[in-house]
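Residue-level listing of the chains:
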Amino acid sequence: QVQLVESGGGLVQAGGSLRLSCAASGRTFSSYIMGWFRQAPGKEREFVAAISWSGGSTKYADSVKGRFTISRDNAKNSVFLQMNSLKVEDTAVYYCAADRDSNYLARVIGEYDYWGQGTQVTVSS
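1. Here we look at the overall build of the chain
For step 1, the next point in the chain: In terms of regular secondary structure, the chain is built from 0 helices and 11 strands.
For step 2, the next point in the chain: Along the chain, helices (α) and strands (β) appear in the sequence β-β-β-β-β-β-β-β-β-β-β when read from the amino end.
For step 3, the next point in the chain: Summarising its shape, the C-alpha atoms of the chain cover approximately 40 × 25 × 25 Å along the three principal directions.
For step 4, the next point in the chain: By residue count, 45% of the 125 residues in the chain fall in the buried class.

2. Focus on the nonpolar core
For step 1, the next point in the chain: One finds Leu4, Trp36, Leu81, Met83 and Tyr94 to be the most contacted residues of the largest nonpolar core, which totals 39 residues.
For step 2, the next point in the chain: At the level of secondary structure, the elements contributing two or more residues to this core comprise strand E3 (18-24), strand E4 (33-39), strand E5 (46-51), strand E7 (68-73), strand E8 (78-83), strand E9 (92-99) and strand E11 (119-124).
For step 3, the next point in the chain: Those residues in contact with Leu81 that lie beyond four places of it in its chain are Leu18, Arg19, Leu20, Trp36, Val48, Ala49, Phe68, Thr69, Ile70 and Tyr94.

3. Some points on the pattern of salt bridges
For step 1, the next point in the chain: Counted under the stated rule, the structure contains 5 salt bridges.
For step 2, the next point in the chain: Here Asp90 ties to Arg38 by a salt bridge, and the two come within 2.9 Å at their closest N and O atoms. Here Arg38 lies in strand E4 and Asp90 lies in the loop between E8 and E9, a separation of 52 residues in the sequence. Accessibility classification places Asp90 together with Arg38 in one group, the buried group.
For step 3, the next point in the chain: On the accessibility criterion, Asp90 (0% relative accessible area) is buried.
For step 4, the next point in the chain: Taken together, the shared-partner salt bridges connect Arg38, Glu46, Arg67 and Asp90 into one network.

4. Topic: the packing of aromatic side chains
For step 1, the next point in the chain: Summed over all chains, the structure comprises 6 aromatic pairs.
For step 2, the next point in the chain: Taking 6.0 Å as the distance between ring centres and 20° as the angle between the ring planes, the aromatic pair formed by Tyr32 and Tyr114 counts as stacked. In this pair, Tyr32 sits in the loop between E3 and E4 while Tyr114 sits in strand E10 (residues 114-115), placing the two residues 82 residues apart along the sequence.
For step 3, the next point in the chain: Tyr114 sits in the buried class, given a relative accessible area of 19%.
For step 4, the next point in the chain: In textbook terms, an aromatic cluster arises when at least three aromatic residues are bridged by ring pairs, as seen for Phe37, Phe47, Tyr95, Tyr112 and Trp115.
For step 5, the next point in the chain: A cation sits over an aromatic face here: Arg45 above Trp115, 5.1 Å from the ring centre.

5. Some remarks on the state of the cysteines
For step 1, the next point in the chain: Summed over the entire model, instances satisfying the criterion amount to 1 disulfide.
For step 2, the next point in the chain: The partner cysteine of Cys22 in its disulfide is Cys96, sulfur to sulfur 2.0 Å. Between Cys22 and Cys96, the S-S dihedral sits near 45°, and the bridge is therefore right-handed. A residue pair is termed long-range when its members are at least 10 positions apart, and Cys22 in strand E3 and Cys96 in strand E9 qualify at 74 residues. Note on accessibility: Cys22 and Cys96 belong to one class, buried.

The rules behind the values
Residues numbered from 1 in each chain as written. Predicted model: local features only at pLDDT ≥ 70, side-chain atom pairs only at ≥ 80, totals over all residues. Heavy atoms only, no water. Helix = DSSP H or I, 4+ residues; strand = E, 2+ residues; numbered from the N terminus. Buried < 20%, exposed > 50% of the residue type's maximum accessible area, 1.4 Å probe, protein only. Core = buried A, V, L, I, M, F, W, Y, C linked by side-chain atoms within 4.5 Å. Contact = heavy atoms within 4.5 Å. Salt bridge = Lys/Arg side-chain N within 4 Å of Asp/Glu carboxyl O. Phe/Tyr/Trp six-rings, centres within 6.5 Å; stacked < 30°, edge-to-face > 60°. Lys NZ or Arg CZ within 6 Å of the ring centre and 35° of its normal. Disulfide = S-S within 2.5 Å.

Shown next as C-alpha cells:
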C-alpha cells in the first residue's frame, strides 16, 4: 500500500503563507502524478493543483492560480503545496493524492488512487 503522510497544516492569518508537505512511500512514487485537493465543511472535495511525475507540468484550480505553487522532490518522495496570499475561503482540509496510471493531470477525484489523511488549514480574518 502507498502511504501518503501530510504535514504543514495549521492556522494562519489572511494574507499569510503556509507550506504543505506530503511524503509518500513506495519506490514508484516518481512515476505518479501528484495532486492536492481540499474540502471545506459542507462542500465537495475540490481540485487544487496537480503536478506531473517529472515536475515539468502543473495544473491549478482557477481559485488558487497565482497564489499556490505545487512542486515535488522525487528523491525525497515528497510533494509540496506552497500557499501564499491566503484567504479565508482557502480554509479547508487539504489532501494530497497520487495518480498511478493517468497520462494527464487529472482534476477529478476519481482519477486518483491514493490519498493522504488530510491536514487542516484554517485562515483567519
